[in-house]
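# Examination of the molecular architecture
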Amino acid sequence: MRSSLGIFVISLALSGAMLADQKPATKEGWLEIHSAHFSVVTDGGEKKGREVALRLEQMRAVFGQLIMRDKLKMPVPVQVLALKNDNDYAGLCPLAGSRPTNAPGFFLPGEDRNLIVLNLSTDEPWRAVAHPMAHMLLDGNYPPTQAWFDEGLADYFSSIRVDNKTVEIGGDPGVPSQAPAGNASQARTSSRPLSELLSSAAWLDMHELLTMRLDTPEHREDAHRELFSAESWIVMHYLLANDMLPKIGTYFELVQNQRMPVTQALQQAFGMTPEQFKKAVVDYFQSLKTTLTAQDQISHAPAPFGPELALVVKKVSDDDAHALVADVMARQPDHSEQGIRDLQSLAQDPTDNEVAHRALAYAYIEKQDFKQADDELAQAAESDPNDPWVHFYFAVFKFRKAKASSQVLESLANVQQGLKTVIDWNPELAEAYHLLGLAELEGGGTHAATDTMRTAIQLSPRKESYVLDLADIYVAGKNWDKAQAILERLKGSADPQIASSARNGRHNLKKKNRPKGQKRRLPIMRKRMANLKTKSPKRNRVHRTEEGCNT
């Protein structure tokens, strides 16, 4: 069978800051290996650390091939912790009941950064995070779609195997790897080989599959959820194998932006009725059934690049590495208390570790312990006043504190200047633009706020909270029509808070023609006061971005 990857060409645009390959600086201790898009901290030696960085970059590049993107954005930075010792890893990983999961890797999503933790004592641990990695890359590089597309593509991608020369993909994902902690919407939903499910169960009606929302009661049933996952996977398998991604884009334009019924959209985009489409997919599955059952990979293609990838290697102090380990623990409910205790110990004199101060500040912000957070940020700034992370966490702190107290934003000029420093350091950090847009609005600059918030949306097109805040900016600038259009789309959001805020905003907009002299209330924004704490979008979200992006 012709490879579904064969027609794609990938070129990795390495950052100008990437230096040429360096010789090992040390044989023991902790190292940090920087690639263009990942930072790997490891105690497993330089060879293993380099391999982790290479494999993640290869996987990222292959995902770009699948969705036909030459360049991929990373709106949330990724930090990787790769541990050589199985016991050390077991002390960090999420718990299944009271015992550590047996998955060799896990993914922790965050608003400031995403964390990947790998167990180097196992083979190919990076494969364990392929599924959540696919969702992460979709969030920054593909407009909002329907649940079947996201889950199907993530399952397809999770079968990936890469080495120095070859990419293999398209086999049965099999038993699920560990879901990203705290983000079950990105979990693989089947507990057995998907080809086995498709062989033994009656398939869902195609119309039902293509309109399924993950928040429905039916989807919460295990059998229904597993079948949804399996059928979404084989539909994506069929579409990718037949080079139909452009037709998928046409389909989503019709059903999401033009609100065309599924039957009509399928006919126009693919030239098939739902019944014909289902038969084509079933026939495709039957033709591959033996291969899939044998766990063979369907597509084979040259690796986008190999070990020649430029990397930067440097030593990391034990204290800094241990602070990262404690930070990983502090972000998980099962390990939070121990992680915070470890950070407190590292932050105390005589160590006075800046990384620990930063991590503690963020942990205290999450707990709304703003006095402690302020103290930790002040000490981190004393160690390195130019650290962009300190500027970023300072802005997060000020916004969260203002929201919790329903007060105006303090130190507005400092917040804005600090966020501009962060953006200069990392031009793809979407949350920095989001906060800067809110700060500019607070300062009265609606035009600047509009442009900045649009940039945040372009970087992270699935963040509905960003789009909602843009509606508030339009209201503040008296651009009623654009605000109304956004709120009309968001009222159908799968996120109940977003949907409720959109409905309330529409209600307030209807009052804009009230008699003169009657006070108008700005809608959501002033009350929500810089809503930093945004949820990851549901996978079944159906709406356009503010700019009306097409898939």
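Residues numbered from 1 in each chain as written. Predicted model: local features only at pLDDT ≥ 70, side-chain atom pairs only at ≥ 80, totals over all residues. Heavy atoms only, no water.

### As for the sheet that holds strand β2 (residues 39-42)
Here is the rule: Note on pairing: two strands pair once DSSP finds at least 2 bridges between them. Numbering of helices and strands runs from the N terminus; a helix is a DSSP stretch of H or I covering at least four residues, while a strand is a stretch of E covering at least two. Axis angles are defined between N-to-C directions and span 0 to 180 degrees, where every axis is a line fitted to C-alpha atoms and, for a helix, only to the segment in contact.
In spatial order, the strands read β6-β7-β3-β2-β1-β11; together these six strands make up an open sheet with mixed pairing. The sheet is open, and its two borders are formed by β6 (105-108) and β11 (312-316), each paired with just one other strand. With strand direction ignored, the average angle separating the axes of adjacent strands in the sheet is 20 degrees. Judged from the four bridges that link them, β2 and strand β3 (residues 78-83) form a sheet pairing that is parallel. Across the sheet, the residue bridging to Val41 is Leu81, located in β3.

### Comments concerning the packing of aromatic side chains
Counted only if it meets this: Each Phe, Tyr or Trp ring, with Trp reduced to its six-membered ring, pairs with another whose centre is within 6.5 Å; inter-plane angles below 30 degrees give stacked pairs, above 60 give edge-to-face pairs, and intermediate values give tilted ones. Only protein chains enter the area calculation, which uses a 1.4 Å probe; residues under 20% of their type maximum are buried, those over 50% are exposed, and those in between are partly exposed.
Applying the stated rule across the entire model yields 19 aromatic pairs. Judged by centre distance (6.2 Å) and plane angle (45 degrees), the rings of Tyr251 and Phe270 are tilted. Within this pair, whereas Tyr251 is found in helix α8 (residues 245-257), its partner Phe270 is found in helix α9 (residues 262-270), the two being separated by 19 residues in sequence. Residues Tyr251 and Phe270 agree in their burial class; the two are buried. Taking 5.2 Å as the distance between ring centres and 75 degrees as the angle between the ring planes, the aromatic pair formed by Trp389 and Trp425 counts as edge-to-face. Of the two residues, Trp389 is situated in helix α15 (residues 388-405) and Trp425 in helix α16 (residues 412-425); the sequence distance between them amounts to 36 residues. Taken together through their ring pairs, the aromatic side chains of Tyr142, Trp148, Phe149, Tyr238, Tyr251, Phe252, Phe270, Phe277 and Tyr284 make up a single cluster.

### Considering the side chain of Arg358
Short version of the rule: Throughout, a contact is declared for two residues whenever any of their heavy atoms are within 4.5 Å.
By secondary structure assignment, the location of Arg358 is in helix α13 (residues 354-366). Look at Arg358 and you get buried, because its relative accessible area is 14%. With near-sequence residues (within four places) excluded, Arg358 lies in contact with Ala380, Asp387, Trp389, Val390 and Tyr393.

### Description of the pattern of salt bridges
The line we're drawing: Salt bridge criterion: a side-chain nitrogen from Lys or Arg within 4 Å of a carboxyl oxygen from Asp or Glu.
For the coordinates displayed, the defined rule picks out 18 salt bridges. For Arg400, the salt bridge identified is with Glu111, shortest N-O distance 3.0 Å. Taken together, the residues span a long stretch of sequence, with Arg400 in helix α15 and Glu111 in the loop between β6 and β7 (114-119) at a distance of 289 residues. We note that Arg400, like Glu111, is buried. For Asp387, the salt bridge identified is with Arg358, shortest N-O distance 2.6 Å. Remark: Arg358 occurs in helix α13 and Asp387 occurs in the loop between α14 (370-383) and α15; sequence separation between them is 29 residues. What emerges from the salt-bridge pattern is a single network uniting Asp112, Arg113, Asp327 and Arg331.

These figures come from the coordinates and say nothing about function on their own.
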